[in-house]
Amino acid sequence: MSNLSTTTTTAGYASAADAAPAPSLDGNAASSMPSSYGRPDATPGAASAAAALRSGRLSSAAPRAARLSSLDTLESEAIHIIREVVAEFEKPALLFSGGKDSVVMLHLATKAFWPGKVPFPVLHVDTGHNFPEVIEFRDRTVERLGLRLVVGSVQEFIDSGELAERADGTRNPLQTVPLLDAIQRNKFDAVFGGGRRDEDKARAKERILSLRDEFGQWDPRNQRPELWNLYNGRHTVGQHVRAFPISNWTELDVWRYIERENIDLPGLYYAHAREVFARDGMWRAVGEVSQPRDDEQVITKTVRYRTVGDMSCTGAVESAAASVRDVVIEVAASTITERGATRADDRISEAAMEDRKKDGYF
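Since the structure is predicted, the reported quantities are computational estimates derived from the model, not experimental observations.

Counting its secondary structure elements, the chain contains 11 helices and 10 strands. Per-residue burial over the chain gives 51% buried out of 362 residues. Working note: accessible area of the chain is about 16,900 Å², and carbon and sulfur atoms make up 51% of it.

The next point concerns the side chain of K111. Relative to the elements of secondary structure, K111 occurs in helix α3 (residues 100–113). For K111, a relative accessible area of 15% puts it in the buried group. One polar contact links K111 to E75, side chain to side chain, over a distance of 2.8 Å.

Turning our eyes to something else, we now look at the nonpolar core. In this structure, L108, W249 and W255 are the most contacted members of the largest nonpolar core, which totals 58 residues. Sorting elements by how many residues they give to this core places α3 first, with 8 residues. Those residues in contact with W249 that lie beyond four places of it in its chain are L74, E75, A78, V104, L108, R196, D198, V254 and Y257. Membership of the second largest hydrophobic core comes to 15 residues, among which are A93, V154, I183 and V191.

The set of residues buried in helix α8 (residues 251–261) consists of E251, D253, V254, W255, Y257 and I258. Just downstream of α8, N262 is the residue with a positive phi angle, here 55°.

Thresholds applied
- Residues numbered from 1 in each chain as written.
- Predicted model: local features only at pLDDT ≥ 70, side-chain atom pairs only at ≥ 80, totals over all residues.
- Heavy atoms only, no water.
- Helix = DSSP H or I, 4+ residues; strand = E, 2+ residues; numbered from the N terminus.
- Buried < 20%, exposed > 50% of the residue type's maximum accessible area, 1.4 Å probe, protein only.
- Areas by Shrake-Rupley, 256 points an atom, 1.4 Å probe, with all protein chains shown as cover.
- Polar contact = N/O pair within 3.5 Å; in protein donor to acceptor, adjacent residues only side chain to side chain.
- Core = buried A, V, L, I, M, F, W, Y, C linked by side-chain atoms within 4.5 Å.
- Contact = heavy atoms within 4.5 Å.

In structure tokens, the structure reads:
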């Protein structure tokens, strides 16, 4: 169990020192962490406020300038978790599909270890039904950052007879076996995922460090408490841990962070014209693995994607949001999560996500 300090001090101030040092214009890292790390006055400009707080002349409702923003706090927590996992585990990996949450995760990992390289590979379970734009973005990002990419292929398992195509043509539920195989073959003992608690009630149950047994399965009744931001990574041979550093983020947080950090994403996250057809209350893209039935009319609409996955089960939403700022405004007004709005595989049953997670899904 870690003995590292938490990112929030007892006086209610989050220490900026735990955030990753941002590169300056000349490429040099920020100065090293001050010896006052962990005290209320460690935040620049907060010394007088901390003194007033100790003397009783100031309530814990500190001046705005003495506090981190909500995004700074979330970033600091996520970077702390990433560093903690790398310190505790021998062979971590990061799930990277090219989707927005995994892109943010990789950005956080890059900041966590800057100016060094990300010290672990990225892992993608390729269904063979992915959007071409996302696969191109994945490969370009991996090459730019000099990362090692490990790919688990659903198609290979289908070709070998270990998996069979589903009647509905959806391959997302088939990702579990290739994922567990890749973890076992590469002896990964920790796998970072971009799951967030606001996405689904099954994910809301998930701990930040989620223990998986020798079969890769998740037992929601056999998880460790995580009091005071202390994370227990203890596991036996054959077990591994899924780590979710952005568990406490919302979809809006993710988009506000993308805007603030100027993070590049695949273009299908923004409004574009696409041939689609209506099915199950969603707009499905026309493609090689996503074809309309005889009674489904193909039309061209201006749409964007809130989440990306298997083309055969991921729907688009009508949208004119062509920029990050537009998306932030749109998401702020939304009353349904992106998975609930656009993922048909989550509608198989009321407990679809939880059932898959128990089998070893993300």
